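Here is what each chain is made of, one letter per residue.
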Amino acid sequence: MTPELMRRARRRDRRVYLFSHPLLFALLTATRRRPVRRLGGTVLVHSRDAFRDGLTRIPLDRSAAGTTGGAAGELTGGELLFNQDGAGHRGSRRTIMEALGAEGVHRLRPVWTAVLDHRLAPLAAGAPIDLVDVAAELAGATTAALLGLGTDPHTLATAARTAAAAASREHLPGRPRRRAGQTAARTATAALTALLDVPAEDRALAAMLAVAAINTTVAALPRAVAWCADADLWSYADSDPDALTSELLRVTAPTPLLPRVAAGPGTAGGCPVRAGDRLVLVARHAADAHRTGPCPADPAPASVAQLVFGLGAHACPGARLARLQLTDTLRALAPHRPRVVGARVDRRSALPGWSRLIVAATP
């Protein structure tokens, strides 16, 4: 791993921000030198300590318009993990944690390893593969198994990605809402919900799980592979796969920012926050992804790496699943030492990512 390889890897990864959300990325870049920056009623939170404050010391309105919870509740009409409070929130978390706990993930693991065995086989024959398509099948198959569905993995993945993209376009910070966009988002969500053969009372939660699991996987996995290939980190997939996975997830920060609304007063990094203020919590900056590249030989402390998955009651319950899926993918790819031979940014996706990432084995 040389400085030049690291610069090459970072240049490629920056493209997913520059081409998919250029205005938002420019705003965050321009304001990141201060731990917290207030712009009218919006508070941009960049530093690690302020990010922690935003998730643990400020009461949050889970159902406010323009937040993840607001979008989820509006589109599905259900009380979801993102917008519940109190006992409802705790109950949903328990249900999800049971499904995504150690035993649940162990039961799901053969599903995605079977996809990897099948989809990575062409590399051994010298043929290139599209990691985005592989990630979509892997995520779709895993989510279908998690929800007990017989749905085709690609069909489920496409529906979840379309629903998320439509919703995100209407809920970017500062973006005016338009009736046509809202209609498109509801139509896409209805198409996803129609694929979910679960009891009616569970459908909203199942839709949320499908959107979250599939979109984060399809965004994160190809970006992590590109970083690993460009920076030549493949040796760590055998010698220290856990550190490699942790560092790649830290620098890719699959959900780079969290839009929230304060339900009451508080402070973030010393900046006063009022009830009704919009908070943009920048996980990418809190985890130092914009400054330090992945270094499996000297990884960031767990307390820092974990920030890309949130904190405490706001921690992502799918972190264990995400880490193991990426570790298995990297270990399966490592013998081929893939290199990137083609990449195209996804300009419509909910999360920064690639629409195509073609890799081929190193001769």
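Note: the structure precedes this text.
Let us look at the structure shown here. (Residues numbered from 1 in each chain as written. Predicted model: local features only at pLDDT ≥ 70, side-chain atom pairs only at ≥ 80, totals over all residues. Heavy atoms only, no water.)

1. Quick word on the sheet that holds strand E1 (residues 36-39)
Reading across the sheet, the four strands line up as E1-E2-E7-E4 and stay open at both edges, with mixed pairing between neighbours. Two strands lie at the open edges of the sheet, namely E1 and strand E4 (257-261), each paired on one side alone. Ignoring which end each strand starts from, the neighbouring axes of this sheet average 20 degrees apart. The pairing of strand E2 (residues 42-45) with strand E7 (residues 278-282) spans four bridges and is classified as parallel. The residue of E7 that forms the bridge with valine 43 is leucine 279. Against the sheet, helix H2 (residues 22-31) touches E1, E2, E4 and E7, its axis set at about 70 degrees to E2. Here helix H3 (residues 48-56) sits on the sheet and contacts E1, E2, E4 and E7; the angle it forms with E7, its principal contact strand, is near 130 degrees. (Pairing = 2+ DSSP bridges. Helix = DSSP H or I, 4+ residues; strand = E, 2+ residues; numbered from the N terminus. Axes fitted to C-alpha atoms, helices over the stretch in contact; angles between N-to-C directions. Contact = heavy atoms within 4.5 Å.)

2. A short note on the nonpolar core
Counting residues in hydrophobic clusters, the biggest one holds 77 residues, and the most contacted among them are Leu248 and Leu330. Per-element accounting of this core gives the leading share, 16 residues, to helix H11 (residues 203-230). Sequence-distant contacts of leucine 330, defined by excluding residues within four places in its chain, comprise Val225, Cys228, Trp234, Ala237, Leu244, Thr245 and Leu248. Listed in part, the 19 residues of the second largest apolar core include Ala50, Phe51, Leu55 and Leu307. (Core = buried A, V, L, I, M, F, W, Y, C linked by side-chain atoms within 4.5 Å. Buried < 20%, exposed > 50% of the residue type's maximum accessible area, 1.4 Å probe, protein only.)

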